[in-house]
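Analysis of the macromolecular model
Below, each chain spelled out in residue letters.
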Amino acid sequence: MEQIVLLLLLIPLIFSIVFIYSNKKLYKPLSFLMFFICSILSIFLAYKGSLSIRLTGQIFKISEGIITLSEILMILYLFKISVKHHKIGIFILTVIQTIITLFTIFTPDKSEILTVGIDKFSLAMLLIINIVGTLIVIFANGYISEYEHHHGIESKQKLFYPIICLFLSAMNGLVVSDSLSMVYFFWEITTITSFILISYNGDDEAYKSGFRALFLNLIGGICFGVGNILLKKMLDIDTLSGIIQHGSISLSLMLPVFLLCIAGFVKSAQMPFQSWLLGAMVAPTPVSALLHSSTMVKAGVYLIVKLSPAYAGTRLGTVIAIYGAFTFFICSAIAVAQRNAKRILAYSTIANLGLIICSAGIGTGVAVSAAIILIIFHAISKALLFLCTGQIEHTIGSRDIEDMTGLIRIAPVLSILTSFGIISMILPPFGVLVTKWMSIEAAGSNPFVASFLVLGSALTTLYYTKWLGSILAYPVTELKAQDKKDFCIFFPLWALGFGVLMTSIFITPIFNNFVSPEVNKLLKKSTDMYIKRGEVVSKLGTFNEAMVFIALGLVVLFVILMRRLMISSANIKSIYMCGENNFAEGENYFRSWNGKYEKAKVSNLYFDNILDEKALTTFGYVVSSSIIIICLLGGLK
Amino acid sequence: MITLINLKILIKLLLILILPPVIGCILSGIDRKVTAHLQGRVGPPLLQPLYDVIKLFNKENIVVNKYQNVYVITYFIFVVLSLFMLLMKMDFLMIIFVYTIANTSLIVGGMSTGSPYSRIGSVRETISMLAYEPILLFYIIGMYMLTGSFKISKLAYTNKPLLYYLPLIFIAMLFIMTIKFKKSPFDFSTSHHAHQELVKGMFTEYSGPALAIIEVAHWYEYVFLLGLIFLFWYTSPIIGLILALITFFLEIVIDNICARLSWEWMLKFTWTIIIGLSIANILFIYLYNVKIL
Amino acid sequence: MAGISKNIMSKSPWVVHVNCNSCNGCDIEFLACLTPIYDAERLGIINVGTPKQADILVVTGSANYKNIDVLKNIYNQMPEPKVVVAVGACACTGGVFHSCYNVIGGIDEILPVDVYVPGCCPKPESIIDGLIEASRILEEKRIKIKNPDKGVAI
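Every value quoted in this text rests on a predicted model; they were computed, and no experiment measured them.

**Considerations on the interface of chain A and chain B**
- Opposite the 67 residues of chain A that make contact, chain B presents 68 residues.
- Buried area between chain A and chain B, both sides added, is near 6000 Å², and the carbon and sulfur share of it is 76%.
- Area buried by chain A at its contact with chain B is led by M566, Y576 and V602 of chain A, which between them contribute 10% of it.
- There are zero salt bridges connecting chain A and chain B.
- Applying the counting rule to chain A against chain B returns ten residue pairs in polar contact (both at pLDDT 80 or more).

Right, dumping it as structure tokens:
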């Protein structure tokens, strides 16, 4: 068991080194190999169940040494880039970080113990990181060369794959560690790898976004570091499980927990800190999919959910719930006005992370379960959507959802996968909606939280429906698969699509094996809900997932039964254009008043005038910063 | 014994499947008749909607997109499912989610035809969805705060009708009904009256059997929507029914005395005043901690 | 119930109205049919916007080179069974515009016209009469499509 955990940390590292020294041809088989090894290991570990390892004596000394050494290396790297690019902000933050690191080095840990604790939640995270993450690496094989070609940048793949592998290793480390010092260490690695990957293109914009991400995440890191030290000094807690054992913390001692929460907010790009995630969209799509939707940003909410026993049921919990719900609402509103698919996905990611934080903040059994389930489902659906967007960009050369109008004609397979991804985000019976149901029901008793969730979810439906409609908007008479066939691209897409479907169908075992035990452990009480025979039952209500699946089955049955009547016997006619159709030019052309042929253009509504991105962002900054400041100044007393 | 129970469920199921379209058809006929009388006409026979549907089933099936009818079937089945769940008194929030599937399917179906007219209609329908969905959810949250459960079956144990504590949400719901029935101030996504600007909105490219199925689904939807109003006075079914019928007639009158408004106006009005009313109502319940169970 | 299955088509004839450069006289008379005085809806007649949902194509004005494609397109987009009604002198024969340089003639030069409503312009009563006649033909056409062998004389 211990070996497997160690392997999960080491194998990506080994692959990282192999990638550095192998030539380009080997990237593809290596990625597949990594996918198989990592997913088998993580599935095996998940099958074996949770465990906890204490590193003491010699091993402790070695690992402590490695951590200290790597931390010094990272700080040196940060100094180097801040001097090289003349970034004073980064320099100052690095100095502060150096002080924190020196402080921890010179106040040695008397207990001399590092703990590795793998609970059910960590297992679920491990599965996501190792399966979804490595699938994205496979996708990168088909994507990145073309991407570099498109953008006219010199190949940096020798850097790309090793860094991604390093990142996967760090994520694995982050979710298996229990000691806060280890979590902090891996946290910082993800910050730096994310900086390197965001500035992948090497142009001004990429560096600007990269440094913004680095700056904000360093602030988060400093909050984490200070919170760590305070937690140790004030409450003598240095592990995550220590927080769970300690249970609810009195308000006067809440400051370190709140600092850790801020670190989580930054990592998961919540409202005042959201700008780095939007900037990060300049990175290649696999990076966005891996770091900025399915794994790295989840580290933040992972921490916040793990901290939930400290604030569950307290006033801080309520504030966190309102804060998360507010982010959910405002980011959904901003997303409505976006045309760039990647920005829509970025805002949707922030919004969903807000929903997770909100659920964690509500702190009842149902809500925390919703948070954990949403982390799982959101990771898979978002990874699928991001990868599809990347591939669409390579197919039509644009990320604008208006340009995707009628994509189904050009690339049917890709369109269907994208549509499925979108549907899994907005409609039952898919997992994301189960969690939305759970969080709205859990939030029912607090009208502020509930109102934000209600308004936000209506807006979510709007911007996704627009996109879904655009993709499918073409009178197709026959679906011909004209997509470029690249196994590296379509294997991950199909696998993720299949994953979305399967996880939604088998929500019962997922809930029983991963979520319910974790919530019991975190909150020391039962979840107040169970999933049986496809029904999510809580004290408040029932989500009849099976019924919706049966209805979907009925739809399929009807379509097959009425195939002749409704589909194959149907006569295909041209669309109605007041009779002025032009059959030579194509479906959407008509003869206009002067006898010339014009294309009928209809676009979606974006409300740019009402939901202006700048104004809403400013509003969001003001409100969310005030929530945090009020909390820091007055709420914690 | 088991067979008896099964038989009971079967009969119930059959009733749920058969009765609503009959009621919906008659309501729709009454709608046309009353409208005609309000305009000083004789109007079509009461069963005219039925004649229309039978005729449509006998028409040729023409499509522009080979798969456009799949969306219609999805719409139909999920409308029936949401009505079924409402009559089985299940989780209210879940019902609205299922109902959302139906509407989304119709919108995407309209868009999938690629016709500019139906695309505009669909976009407008998404806007009206944005307008009415929050109100429905606020209604549910209001009900939850009063009864402590999201299940409609819990309403049977209440000692006071919902209307007593949710008057503002009732007004909001009346407003929403106009949007949902696609009645006059807000009939901009699809209607017979709007064909100068939008031909037939979302349904421009639907004809024959597909249009007939949409029409039958509308009958189910009529009953579903009036069922939502009925819940306001669940404690006494007769008053509830009267309330639902009054609402229906009110909608017909509103339809006949109003000119069509723009979607911008509707969105602004719902997202300020109507949502404001709903939140005010919910805050009132929260602050006074009212329970009716 | 027997009545329902008997006159399926004739109970709800939906009309789409196409103006082929008419002088608007016939159009106004046609629209007068829908007003409270004549109330065509009592016969189930609805004026729909799209040919895809219509049973009866009401054409006013003469056929000319400018609108020949439009008229054919709209006729083709109507689902079977369908009936064409030519309203007014221009639609029946070309009327006063007959043998103009740009006019082909009556609508029957382009489409198979089933009912002619003469007059310049025809009174609403006669238009409604024409529509009733059209809906009878509609029913016959439906039976003909259903049993292609039997064939009913029109």
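**Examining the sheet that holds strand β7 (residues 115-117) of chain C**
Residue and element names in this part refer to chain C.
- Here we have five strands laid out as an open sheet, ordered β2-β1-β3-β5-β7, and parallel in their pairing. The sheet is open, and its two borders are formed by β2 (46-47) and β7, each paired with just one other strand.
- In terms of strand pairing, strand β3 (residues 56-60) meets strand β5 (residues 83-87) through five bridges, oriented parallel. Bridge pairing links V59 to A86 in β5.
- In the packing of helix α2 (residues 25-34) onto the sheet, contacts are made with β1 (14-19), β2, β3 and β5, and the angle to β1 comes to roughly 160°.

**Some points on the pattern of salt bridges**
- Summed over all chains, the structure comprises 22 salt bridges over all chains.
- Ionic pairing is found between D255 of chain B and K183 of chain B, a salt bridge with its closest N-O pair at 3.9 Å. Separated by 72 residues along the polypeptide, D255 of chain B in helix α10 (residues 237-257) and K183 of chain B in the loop between α7 (167-180) and α8 (195-198) bring together distant segments of the chain. Accessibility classification places D255 of chain B together with K183 of chain B in one group, the buried group.
- Put simply, R32, R41 and D52 of chain B together with D39 and E41 of chain C are held in one network by salt bridges that share partners.

**Side note on unusual backbone geometry**
- P428 of chain A connects to P429 of chain A through a cis peptide bond whose omega is 5°.
- Mapped onto the elements of the fold, P429 of chain A is located in the loop between α18 (412-426) and α19 (431-443).
- Along the chain, C120 of chain C connects to C121 of chain C via a cis peptide bond; the corresponding omega equals -5°.
- Its identity is not glycine, yet H86 of chain A carries a phi of approximately 55°, on the positive side.
- Note that H86 of chain A resides in the loop between α3 (57-84) and α4 (88-106).
- In this structure, K89 of chain B is a non-glycine residue whose phi angle is positive, near 55°.
- On the secondary structure map, K89 of chain B appears in the loop between α3 (68-87) and α4 (92-112).

**Comments concerning the domain arrangement of chain A**
All names here are of chain A.
- Per the domain assignment, the segments making up chain A are domain 1 (25-309) and domain 2 (312-566).
- On a C-alpha basis, the centroid separation for the pair domain 1 and domain 2 is 25 Å.
- Between domain 1 and domain 2, the contact holds 59 residues from the first and 56 residues from the second.
- In terms of surface lost to domain 2, no three residues of domain 1 exceed F139, M271 and L278, which account for 13% of the buried area on that side.
- Taken together, the links from domain 1 to domain 2 amount to two salt bridges.
- Linking K306 and E518 is a salt bridge whose minimum nitrogen-to-oxygen distance equals 4.0 Å.
- The interface formed by domain 1 and domain 2 includes eight residue pairs in polar contact (both at pLDDT 80 or more).
- Looking at the side of domain 1 that touches domain 2, the elements that each hand over two or more residues are α2 (27-48), α5 (120-151), α9 (240-246), α10 (255-267), α11 (275-279), α12 (285-294) and α13 (296-311).

**Quick word on the interface of chain C and chain B**
- Residue-level contacts link 28 residues of chain C with 30 residues of chain B.
- Summing the contributions of chain C and of chain B, the shared interface buries around 2500 Å²; its carbon and sulfur component is 57%.
- When the area that chain C buries against chain B is broken down by residue, the three leading residues are E41, K52 and Q53 of chain C, summing to 24%.
- Between the two partners, chain C and chain B, sit six salt bridges.
- Put simply, E41 of chain C and R32 of chain B hold a salt bridge, and the shortest N to O gap is 3.0 Å.

**Examining the packing of aromatic side chains**
- For the coordinates displayed, the defined rule picks out 46 aromatic pairs over all chains.
- Ring plane angle 5° and centroid distance 4.6 Å describe the contact between Y139 of chain B and F232 of chain B, whose orientation is recorded as stacked. With Y139 of chain B in helix α5 (residues 116-147) and F232 of chain B in the loop between α9 (208-230) and α10, this residue pair connects regions lying 93 residues apart in the sequence.
- Take F232 of chain B: its relative accessible area is 0%, and that puts it in the buried class.
- Judged by centre distance (6.1 Å) and plane angle (70°), the ring pair of F248 of chain B and F249 of chain B falls under edge-to-face.
- Three or more aromatic residues link up through ring pairs in this structure, and these residues are F19, Y27, F160, Y161 and Y200 of chain A.
- Taking NZ or CZ as reference, K55 of chain B lies 3.9 Å from the ring centre of W14 of chain C, over its face.

Reading the values: the criteria
Residues numbered from 1 in each chain as written. Chains lettered and ligands numbered in written order. Predicted model: local features only at pLDDT ≥ 70, side-chain atom pairs only at ≥ 80, totals over all residues. Heavy atoms only, no water. Contact = heavy atoms within 4.5 Å. Buried area = accessible area lost by both parts, 1.4 Å probe. Salt bridge = Lys/Arg side-chain N within 4 Å of Asp/Glu carboxyl O. Polar contact = N/O pair within 3.5 Å; in protein donor to acceptor, adjacent residues only side chain to side chain. Pairing = 2+ DSSP bridges. Helix = DSSP H or I, 4+ residues; strand = E, 2+ residues; numbered from the N terminus. Axes fitted to C-alpha atoms, helices over the stretch in contact; angles between N-to-C directions. Buried < 20%, exposed > 50% of the residue type's maximum accessible area, 1.4 Å probe, protein only. Domains from an automatic or database assignment. Phe/Tyr/Trp six-rings, centres within 6.5 Å; stacked < 30°, edge-to-face > 60°. Lys NZ or Arg CZ within 6 Å of the ring centre and 35° of its normal.

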